[in-house]
Amino acid sequence: MEIDEYFDTLEQNLSSVSCSLDKINTLSKILREILFDNTTFKIQDAQNIALILSQELHKLNSDISYVEQSIQNKRYSLK
C-alpha cells in the first residue's frame, strides 16, 4: 500500500471515529433529556437509547483499535 493510499484510508477511519463520537454525543444529550427533564419519552425509549449508546461505544472502541493497529503496522513496515 502506498503512503498516499495509507493516509487516505487513515483519514476515512478517523472520519468514522469522528462520526461515531458525534452520534454518541447526540444520543447522550437525548438520554440526559429523558432522564432529567420532563419529556414525552418513555422509559423504554431511554432503554433503547442506552442500548444504542453501548453499541456505538463498542463500535468506536473497535474503530480506534483498528486505527492504532494500522499505525503500528505502518510504522513497522517503514523501518
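Everything below is about the structure shown above.
Scope of this entry: the structure provided in the associated data block. The model shown is predicted, which means the values in this text are computed figures rather than measured ones.

1. Digging into the overall build of the protein
Line of reasoning, step 1. Along the protein, the regular secondary structure elements total two helices and zero strands.
Line of reasoning, step 2. Its C-alpha radius of gyration of 18 Å places the protein more than 25% over the 12 Å reference for a compact globule of 79 residues.
Line of reasoning, step 3. Based on the C-alpha atoms only, the size of the protein along its principal axes is roughly 60 × 15 × 15 Å.
Line of reasoning, step 4. Taken over 79 residues, the protein has a buried fraction of 23%.
Line of reasoning, step 5. Long-range pairs, those at least 24 residues apart, make up 69% of the contacts in the protein with a sequence separation of at least 6.
Line of reasoning, step 6. Total accessible area on the protein stands at roughly 6200 Å², and carbon and sulfur atoms take up 54% of it.

2. Some thoughts on a nonpolar patch on the surface
Line of reasoning, step 1. Together, Ile 3, Phe 7 and Leu 78 give the surface a local cluster of nonpolar side chains, amounting to about 310 Å² of exposed area.
Line of reasoning, step 2. Tracing the sequence through the fold places Leu 78 in helix 2 (residues 43–78).
Line of reasoning, step 3. Residue classification places Leu 78 among the exposed residues on the basis of a relative accessible area of 60%.

3. What about the nonpolar core?
Line of reasoning, step 1. Formed by Val 17, Ile 24, Leu 27, Leu 31, Ile 34, Ala 46, Ile 49, Leu 53 and Leu 60, the largest nonpolar core amounts to nine residues.
Line of reasoning, step 2. For this core, the element with the highest residue contribution is helix 1 (residues 3–36), accounting for five residues.
Line of reasoning, step 3. Other than its neighbours up to four places away in sequence, Leu 60 contacts Val 17, Ser 20, Leu 21 and Ile 24.

4. Topic: the side chain of Asp 63
Line of reasoning, step 1. Locating Asp 63 in the fold gives a position in helix 2.
Line of reasoning, step 2. With near-sequence residues (within four places) excluded, Asp 63 lies in contact with Ser 16, Val 17 and Ser 20.

5. Some words on the packing of helix 1 against helix 2
Line of reasoning, step 1. One way to put it is that helix 1 packs onto helix 2 with a least axis distance of 9 Å and a crossing angle of 160°. Considered as vectors, helix 1 and helix 2 are oriented roughly antiparallel to each other. In this structure, helix 1 crosses over helix 2, and the sense of that crossing is left-handed.
Line of reasoning, step 2. Each residue belonging to the contact of helix 1 with helix 2 can be placed in one class, and the counts come to 22 nonpolar, five polar and six charged.

6. Points about the pattern of salt bridges
Line of reasoning, step 1. For the coordinates displayed, the defined rule picks out two salt bridges.
Line of reasoning, step 2. The shortest N-O distance in the salt bridge between Glu 56 and Lys 23 comes to 3.9 Å. Highlighted residues: Glu 56 in helix 2 and Lys 23 in helix 1, separated in sequence by 33 residues.
Line of reasoning, step 3. Judged by relative accessible area, which is 12%, Glu 56 ranks as buried.
Line of reasoning, step 4. The partly exposed category is assigned to Lys 23, whose relative accessible area is 43%.

7. Re a negative patch on the surface
Line of reasoning, step 1. Where like charges cluster on the molecular surface, the negative patch consists of Glu 2, Asp 4, Glu 5, Asp 8 and Glu 11.
Line of reasoning, step 2. Its place among the elements puts Glu 5 in helix 1.

Thresholds, definitions, all that
- Residues numbered from 1 in each chain as written.
- Predicted model: local features only at pLDDT ≥ 70, side-chain atom pairs only at ≥ 80, totals over all residues.
- Heavy atoms only, no water.
- Helix = DSSP H or I, 4+ residues; strand = E, 2+ residues; numbered from the N terminus.
- Rg over C-alpha atoms; globule rule 2.2 N^0.38 Å.
- Buried < 20%, exposed > 50% of the residue type's maximum accessible area, 1.4 Å probe, protein only.
- Contact = heavy atoms within 4.5 Å.
- Areas by Shrake-Rupley, 256 points an atom, 1.4 Å probe, with all protein chains shown as cover.
- Patch = residues over 30% accessible without salt bridge, like charges linked within 9 Å, V, L, I, M, F, W, Y side chains within 5 Å.
- Salt bridge = Lys/Arg side-chain N within 4 Å of Asp/Glu carboxyl O.
- Core = buried A, V, L, I, M, F, W, Y, C linked by side-chain atoms within 4.5 Å.
- Axes fitted to C-alpha atoms, helices over the stretch in contact; angles between N-to-C directions.
- Parallel < 35°, antiparallel > 145°, perpendicular 65-115°, else oblique.
- Left-handed = near helix turned anticlockwise from the far one by under 90°.
- Nonpolar A, V, L, I, M, F, W, Y, C, P; charged D, E, K, R; others polar.
- Lys, Arg positive; Asp, Glu negative; His and termini not counted.
- Charge placed at Lys NZ, Arg CZ, Asp CG, Glu CD.

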